[in-house]
Amino acid sequence: LKSLKKKYLFISGDRHFVELSEVSSEDVGSPTVEVTLSGLHAKMFPTNLEKYSNPKRLNGFAGKYNYGIIEAKNDQITINAYSMKGLEFSYKLNQ
């Protein structure tokens, strides 16, 4: 990935919580984030965020059904994470 000299957005799931993490530029060559979402149908565990500490975590929440919307417009990617009550957090990644 380093040799491509591009920015990346990694998407993962099935962790039963929501997390936005920073991936080291040393690892991939440019500022990168990873978004973890578990979906509207998955059982949520309120303590998972504390149970799985992550020093690279930028934001997150647990114990709520969730989904995300990722928008790419012009030179910006916007990551919105929602619970059933509405927007929980938003993050902008400039390309």
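This text follows the structure it describes.
Residues numbered from 1 in each chain as written. Predicted model: local features only at pLDDT ≥ 70, side-chain atom pairs only at ≥ 80, totals over all residues. Heavy atoms only, no water.

Explanation requested: the sheet that holds strand 3 (residues 32-37) in the structure shown.
Consider a sheet: its strands pair through backbone hydrogen bonds, and that pairing is either parallel or antiparallel. As summarised here, the arrangement of the four strands in space is 1-3-2-4, forming an open sheet in which the pairing is mixed. Each edge of the sheet is formed by a strand with only one pairing partner; in this case those strands are strand 1 (8-13) and strand 4 (57-62). Pairs of neighbouring strands in the sheet enclose a mean axial angle of 15°, with direction left out of account. As paired strands, strand 1 and strand 3 are joined by six bridges and run parallel to one another. Following the sheet pairing, G13 is matched in strand 3 by L37. (Pairing = 2+ DSSP bridges. Helix = DSSP H or I, 4+ residues; strand = E, 2+ residues; numbered from the N terminus. Axes fitted to C-alpha atoms, helices over the stretch in contact; angles between N-to-C directions.)

I tried to follow the nonpolar core on my own but got confused; where do I start?
Membership of the largest hydrophobic core is limited to eleven residues, which are V18, L20, V33, V35, L37, F61, I77, I79, A81, F89 and L93. Those residues within four positions of L93 in sequence are excluded, and the remaining contacts are Y8, V33, D75, Q76 and I77. (Core = buried A, V, L, I, M, F, W, Y, C linked by side-chain atoms within 4.5 Å. Buried < 20%, exposed > 50% of the residue type's maximum accessible area, 1.4 Å probe, protein only. Contact = heavy atoms within 4.5 Å.)

How should the packing of aromatic side chains be read in this particular structure?
Centre distance and the angle of the planes are the two values used to describe a pair of aromatic rings. Considering all chains together, one arrives at three aromatic pairs under this definition. Both rings, one in F61 and one in F89, keep their centres 6.4 Å apart while their planes meet at 75°; by these two values the pair is edge-to-face. With F61 in strand 4 and F89 in strand 7 (residues 86-94), this residue pair connects regions lying 28 residues apart in the sequence. With a centroid separation of 5.0 Å and an interplanar angle of 10°, the aromatic rings of Y67 and Y82 are classed as stacked. Residue Y67 is found in strand 5 (residues 66-73), and its partner Y82 is found in strand 6 (residues 76-83); the two are separated by 15 residues along the sequence. According to the relative accessible area criterion, Y67 is partly exposed, its value standing at 32%. Note on Y82: relative accessible area 18%, which makes it buried. Against the face of Y52 rests R15, its NZ or CZ located 4.8 Å from the ring centre. (Phe/Tyr/Trp six-rings, centres within 6.5 Å; stacked < 30°, edge-to-face > 60°. Lys NZ or Arg CZ within 6 Å of the ring centre and 35° of its normal.)

For this particular structure, what's the right way to read the environment of M84?
Along the chain, M84 falls in the loop between strand 6 and strand 7. In sequence terms M84 and E19 are 65 residues apart; their C-alpha atoms lie 16 Å from each other. Dropping the residues within four chain positions of it, M84 is found in contact with L40 and Y65.

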